[in-house]
Amino acid sequence: AKASGRNTVCFFEAAMGAQAQARFALESELRQAIENDELVLYLQPQCGIDGRLEGAEALVRWRHPQRGLVPPGLFIPVAEDSGLIVPLGDWVLTRCCELLARQEMSHLPLRIAVNVSPRQFRQADFVQRVRHTLASTGADPTRLLLEVTEGVMLDNLADTVGKMSELAALGIHFSIDDFGTGYSSLAYLKRLPIHELKIDKAFIQDAPSDPNDAALVDAILAVARHLNLRVVAEGVETEDQAAFLRSRGPLLYQGYLTGRPEPAEQQLDHWLASQGQ
Ligand code: C2E
Ligand code: CA
Ligand code: CA
Ligand code: CA
């Protein structure tokens, strides 16, 4: 028993070692990727009930020379743990502001939503970085929305309120991403200068068939109504899901039904063409 116990430990250590090595390899490759411009910006539309384009979420992809397209679910956690999320987040914000500053954008009435990871938001100079990026690109802050998760509310409420208020004063909007999956306190919500709640796709996908998810969606919509916040439903894939949401009142739809994430350039060309520009 003792011997097998030891083998188990050795095997476990070996497996941990391999996993740690793979993670380390991914981390150093990601560091290179940010410098070598292997990251690609995708945009996904957010539409009103009539199909009108109202906004777009920026989603990053990694086009790895050997591995191909690496999904964010694989590298964002590595970036978050290693601190690479800070330069990665800067890269995404800069690309989005460059897009917003382009002349053709005046024909597209949309706000671009950028994901901000908790670690990035916690940086002492986060507000300066955003200000600097806006100034250096010439982007209009009223065309920018930052998506944060409920976690930032738990961090240090005074710091969070301070940073958000400074940026909101410039005209930037804030959204709480994956609302309902974390530990939000409604009292906190009231103290933050936010404009939008995003309902996670996990709730949307089963809402038409699962009364618990339906109740959750209704509760989120009620909170949003009380606080006068816009709502985005994420992961709307089917007509059934859209019909369920339509019966609930006005909100924005973001999902495969209204449009998949596409490379930003392609997406912009497409939108401009459909606007007759
Ligand atoms: P998220 O912010 O919740 O983004 C929504 C995710 O849902 C995206 O996955 C999007 O492609 C996917 N999605 C959209 N519509 C549908 C649908 O109808 N059905 C299904 N099944 N999925 C849909 P993606 O692009 O793989 O991103 C995963 C997560 O990675 C994001 O979740 C976000 O947390 C993170 N992420 C992506 N880009 C960035 C970024 O630039 N910065 C940071 N910090 N995180 C990012
Ligand atoms: Ca998001
Ligand atoms: Ca998310
Ligand atoms: Ca989500």
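Sequence order as written defines the numbering, with residues in each chain counted from 1. Naming scheme: in the order in which they are written, chains are lettered from A and ligands are numbered from 1. Residue-level local features of this predicted model are given only where pLDDT is at least 70; pairs of side-chain atoms are given and counted only at 80 or more, and the full residue set underlies all totals for whole chains, interfaces and linings. Note that water and hydrogens are dropped before the side-chain values are worked out from all heavy atoms of the structure.

K.L.:
Would you explain the coordination of the calcium ion (ligand 2) in this entry?
P.N.:
Six octahedral donors at a metal ideally form angles of 90 or 180 degrees, and four tetrahedral donors ideally form angles of 109.5 degrees. Each metal site lists N, O and S donors within 2.8 Å (3.2 Å for Na, K and Ca). With water left out of the atoms, a site can look as if it is missing ligands. With distances of 2.1 to 2.4 Å, the protein atoms coordinating the calcium ion (ligand 2) are E57 (OE), N115 (OD1), E147 (OE) and D177 (OD). Spacing between the donor residues of the calcium ion (ligand 2) along their common chain follows E-x57-N-x31-E-x29-D. Between the two metals, the calcium ion (ligand 2) and the calcium ion (ligand 3), the spacing is 4.4 Å, and D177 donates to both. Note that E57 is positioned in strand β2 (residues 53-64) and N115 in strand β4 (residues 111-115), a separation of 58 residues in sequence. Only DSSP runs of H or I with at least four residues qualify as helices, and only runs of E with at least two residues qualify as strands; both kinds are numbered from the N terminus onward.

K.L.:
Sorry, what's going on with helix α11 (residues 239-246) here?
P.N.:
Classification of residues uses two cut-offs on accessible area relative to the type maximum, computed with a 1.4 Å probe and protein chains only: under 20% is buried, over 50% is exposed, and between them is partly exposed. Looking only at α11, the buried set comprises Q241, A242, F244 and L245. One side of α11 carries all its buried residues, which in axial view fall inside an arc of 160°. Residues of α11 that are buried in the fold lie against α9 (201-206), α10 (211-227), β8 (230-234) and β9 (252-254). The directions considered for the arc run from the helix axis to the C-beta atoms. Throughout, a contact is declared for two residues whenever any of their heavy atoms are within 4.5 Å.

K.L.:
I keep staring at the pattern of salt bridges and nothing clicks. Help me out?
P.N.:
Close approach of charged atoms allows side chains of opposite charge to pair. Here, a salt bridge means any side-chain nitrogen of Lys or Arg that lies within 4 Å of a carboxyl oxygen of Asp or Glu. Per the stated rule, a full pass over the model turns up 16 salt bridges. Among the ionic pairs, D81 bridges to R23, the shortest N-O distance being 2.4 Å. Of this pair, D81 sits in helix α2 (residues 72-82) while R23 sits in helix α1 (residues 2-35), and the two are 58 residues apart along the sequence. A salt bridge links K163 to D159, with the nearest nitrogen and oxygen atoms 3.2 Å apart. Of this pair, K163 and D159 both sit in helix α7 (residues 157-168), four residues apart, which is roughly one turn of the helix. We classify K163 as buried; its relative accessible area is 6%. It is possible to trace a salt-bridge network through shared partners that takes in E57, E147 and K198.

Geometric descriptors of this kind do not, in isolation, establish any biological role.
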